[in-house]
Amino acid sequence: MKSIEQIMRHDHERLDVLLEAGAKAVRKGLWHEAADLLQRFRHGMVDGHMMVEETMLFPAFEAREGNDDLPLTALLRKGHRDLRVFFLEMEEAIGARDAEEYSALLSTVQAILKHHDAKEEKELYPHLAEALSDQGQLAGQTILSRQETAALPGRSQKFDV
Amino acid sequence: MNEYHGCEMPEDLFYDLDYVWVRPEADGTLTIGVTDPAQALSGRLQNARIKKVGTHVDAGRHVATLESGKWVGGVPVPFAGMIVARNEALLENPHLINIDPYGDAWIARVKPDDSQHALDDVKTGAEAIAALEAWIKRYDVQCMRCPD
């Protein structure tokens, strides 16, 4: 069984691939495919990855540190709030078939994710197994089950990136 | 001028208690910028993208995106409205925000859809300053004035 650290790192990579696949669809003018890929990316990110972090991982890390107002988790939560708005704006850009606006938003989101993911992987994830009473089994299973949902038949995980 | 951990916070402005300050203008528009502690947390800004004049923004959406070497983020508008002016100087020199966040480095001027309730979700005065001091403490920010 993979560790919670490995599962969360892999989820970052999986979501990056989905985001890039959507970007490629926009560049080709395949707007319906782009909308579908963005929806899957957003679902995986907001309803899976962020949800698990905000409800399970951050609180466990804060409890381990004995402080529920940590600069690290406060910054990461703020990053999530910003990203949620950017995802909505990307969806609107696709709806308006505005490739220029989408491209600018994509560049911003990828830059945010680069900083955000690196911070999580360096400062948070290595401590999770110790912080969580079950070493992160439940959180890991939740993430993996979301990944399986995203890969249901007819929703191929293979992207021509 | 209130100061905490070296961060300046004018008491007469309105704040979203996160990154943004709002100043009511005589013509009914509202000027938006980012706070001194927010610019300090962001680091030296290298890129600014501000939405075009004439763009309508819903409450909570971004009027601008700022980027430094270590941080990228949006500047949300606390109310819905139309962008009537943007600070073109920031597009050329976003570092101005690190130098004069409440003056020359305003970001945009927005005409609110509902002027009666545009400031409902922002705070001012002593309540705002106390909340901003808690923000500074939470994020462990120390402001330093940029010389140029």
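Read on for a plain summary of the structure.

Definitions and limits used
- Residues numbered from 1 in each chain as written.
- Chains lettered and ligands numbered in written order.
- Predicted model: local features only at pLDDT ≥ 70, side-chain atom pairs only at ≥ 80, totals over all residues.
- Heavy atoms only, no water.
- Helix = DSSP H or I, 4+ residues; strand = E, 2+ residues; numbered from the N terminus.
- Rg over C-alpha atoms; globule rule 2.2 N^0.38 Å.
- Contact = heavy atoms within 4.5 Å.
- Areas by Shrake-Rupley, 256 points an atom, 1.4 Å probe, with all protein chains shown as cover.
- Lys, Arg positive; Asp, Glu negative; His and termini not counted.
- Charge placed at Lys NZ, Arg CZ, Asp CG, Glu CD.
- Buried < 20%, exposed > 50% of the residue type's maximum accessible area, 1.4 Å probe, protein only.
- Pairing = 2+ DSSP bridges.
- Phe/Tyr/Trp six-rings, centres within 6.5 Å; stacked < 30°, edge-to-face > 60°.
- Lys NZ or Arg CZ within 6 Å of the ring centre and 35° of its normal.
- Salt bridge = Lys/Arg side-chain N within 4 Å of Asp/Glu carboxyl O.

**Side note on the overall build of chain A**
Within chain A, the secondary structure is distributed over six helices and zero strands. Mapped from its N terminus to its C terminus, chain A presents α and β elements in the order α-α-α-α-α-α. By the compact-globule yardstick of 15 Å for 161 residues, chain A fits well, its C-alpha radius of gyration being 16 Å. Counting only C-alpha atoms and orienting by the principal axes, one finds that chain A spans roughly 50 × 35 × 20 Å. Restricting to contacts in chain A with at least 6 residues of sequence separation, those with at least 24 account for 77%. Approximately 7,800 Å² of chain A is accessible, and the part contributed by carbon and sulfur atoms is 51%. Side-chain charges of chain A comprise 20 positive and 29 negative groups, with the mean position of each set lying 4 Å from the other.

**Let's talk about the overall build of chain B**
A count of helices and strands for chain B gives four helices and 12 strands. Along the longest, intermediate and shortest principal axes, the C-alpha atoms of chain B span 35 × 35 × 25 Å. Counting all 148 residues of chain B, 51% fall into the buried class. Sequence separation of 24 or more characterises 66% of the internal contacts of chain B that already satisfy a separation of 6 or more. Here chain B displays about 6,600 Å² of accessible surface, and carbon together with sulfur accounts for 47% of that area. Of the charged side chains in chain B, 14 are positive and 23 negative, and the gap between their average positions amounts to 6 Å.

**Looking at the pairing of strand β9 (residues 72-76) of chain B**
Residues and elements named next belong to chain B. Taking burial as the measure, the five residues of β9 include five buried ones, the bulk of the element. Looking at chain direction, strand β8 (residues 62-68) and β9 are connected through five bridges and run antiparallel. Within β9, the residue paired with His 62 across the bridge is Pro 76. What sits between the antiparallel neighbours β8 and β9 is a turn of three residues.

**What to know about the packing of aromatic side chains**
Each aromatic ring pair is summarised here by two numbers: the centre-to-centre distance and the angle between the ring planes. Enumeration over the complete set of coordinates arrives at five aromatic pairs over all chains. A ring pair is formed by Phe41(A) and Phe87(A), whose centres lie 5.2 Å apart and whose planes are at 80°; its orientation type is edge-to-face. Here the residue Phe41(A) occupies a position in helix α2 (residues 31-65), and Phe87(A) occupies one in helix α3 (residues 71-95), the gap between them amounting to 46 residues. Residues Tyr19(B) and Trp71(B) carry aromatic rings whose centres are separated by 5.3 Å and whose planes lie at 20° to one another, so their mutual orientation is stacked. Within this pair, whereas Tyr19(B) is found in the loop between β3 (14-15) and β4 (20-24), its partner Trp71(B) is found in the loop between β8 and β9, the two being separated by 52 residues in sequence. The same class applies to Tyr19(B) as to Trp71(B), namely buried. Through a chain of ring-to-ring contacts, the aromatic side chains of Tyr19(B), Trp71(B), Trp135(B) and Tyr139(B) assemble into a single cluster. Looking at Lys78(A), its charged tip hangs above the ring of Tyr19(B), at a distance of 4.1 Å from the centre. Here the basic side chain of Arg109(B) rests over the ring of Trp106(B), its NZ or CZ set 4.2 Å away from the ring centre.

**Some words on the pattern of salt bridges**
Enumeration according to the criterion identifies 21 salt bridges over all chains in this entry. For Asp82(A), the salt bridge is made with Lys78(A), and the minimal N-O distance between the two is 3.5 Å. Of this pair, Asp82(A) and Lys78(A) both sit in helix α3, four residues apart, which is roughly one turn of that helix. Shared partners join several salt bridges into a network, and the residues in it are Lys78(A), Arg81(A), Asp82(A) and Asp18(B).

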